[in-house]
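Notes for the structure review
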Amino acid sequence: MAAWVATGPDRAVQLARPMVEDAVELKNLATGAYREVRDFRWKAASDEFVTLYVTAMRMPSLVFERLADRLDKFNDDLQKRSQSQPAQTPENDERTVAVRHHAAASARAMP
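Presented here is a report on the structure given in the accompanying data block. (Residues numbered from 1 in each chain as written. Predicted model: local features only at pLDDT ≥ 70, side-chain atom pairs only at ≥ 80, totals over all residues. Heavy atoms only, no water.)

1. What about the packing of helix α3 (residues 42-58) against helix α4 (residues 60-84)?
We apply this condition: Angles run from 0 to 180 degrees between N-to-C directions of axes, and those axes are lines fitted to C-alpha atoms, restricted for helices to the stretch in contact. Helix and strand assignments follow DSSP, with helices taken as H or I runs no shorter than four residues and strands as E runs no shorter than two, numbered in order from the N terminus. Contacts are assigned to residue pairs with any non-hydrogen atoms lying within 4.5 Å of each other. Three categories are distinguished: nonpolar for Ala, Val, Leu, Ile, Met, Phe, Trp, Tyr, Cys and Pro, charged for Asp, Glu, Lys and Arg, and polar for the others, with Gly belonging to the last.
Axis separation between α3 and α4 bottoms out at 4 Å; the angle between their running directions is 115°. Of the residues in α4, those in contact with L52, T55, A56, M57 and R58 of α3 are P60, L62, V63 and R66. Looking at the contact of α3 with α4 residue by residue, the class counts come to 6 nonpolar, 1 polar and 2 charged.

2. What about helix α2 (residues 9-39)?
Formally: One less than the number of residues in a helix, times 1.5 Å, gives the span that helix is expected to have. A residue's bend is given by the angle between axes fitted to the 7 residues ending at it and the 7 residues starting at it.
Compared with the 45 Å implied by 1.5 Å per residue over 31 residues, the 44 Å span of α2 between its first and last C-alpha is a close match. Maximal helix bending in α2 amounts to about 30°, located at A16; proline P18 follows within four positions.

3. Details of the packing of aromatic side chains
Aromatic rings in a pair are described by how distant their centres are and how their planes are angled relative to each other. Rules: Classification of ring pairs uses Phe, Tyr and Trp, with its six-membered ring standing for Trp, and accepts pairs whose centres are within 6.5 Å; under 30 degrees between planes counts as stacked, over 60 as edge-to-face, and the remaining range as tilted.
A full pass over the atoms with the stated rule returns 1 aromatic pair. With a centroid separation of 4.6 Å and an interplanar angle of 65°, the aromatic rings of F40 and W42 are classed as edge-to-face.

4. What about the layout of surface pockets?
Convention followed: Buriedness for pockets is judged along seven lines, at least five of which must meet protein on both sides within 12 Å for an open set on the 1 Å grid over protein atoms alone, while cavities are sets there where a 1.4 Å probe fits but cannot get out, and lining residues have an atom within 4 Å of a point. Grid points are joined across faces, edges and corners, and a volume is the space filled by probe spheres set on the points.
Reported here for the largest pocket is a volume of approximately 270 Å³. Together, E48, T51, L52, T55, V63, R66, L67 and R70 line the largest pocket. Of all the elements in the fold, those that place two or more residues in the lining of the largest pocket are α3 and α4. For the lining of the largest pocket, the per-class residue count stands at 3 nonpolar, 2 polar and 3 charged.

This is the structure in structure tokens:
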């Protein structure tokens, strides 16, 4: 290896530079990932999962009711946003159609 570098130092640098740059980038990504994992609230996430599991096992309909409530709130927010925009665009039309479709599906799903 040393003889190869000694006979062609420019070629050795040209071949090694991308690997070194990739290694530095991987180190930076690993540092960021480590920081994200370290800062994650594992206890809160596990408690939330246990609560969701217990609720789903005891009263599965309650989970779907809460989900339906959240979707209804989301759809209401979408409607308010689309009504507050001065000009109607094709994107708003698609949102309006999606909101109407969900509202109709929710109405059919409710007893």
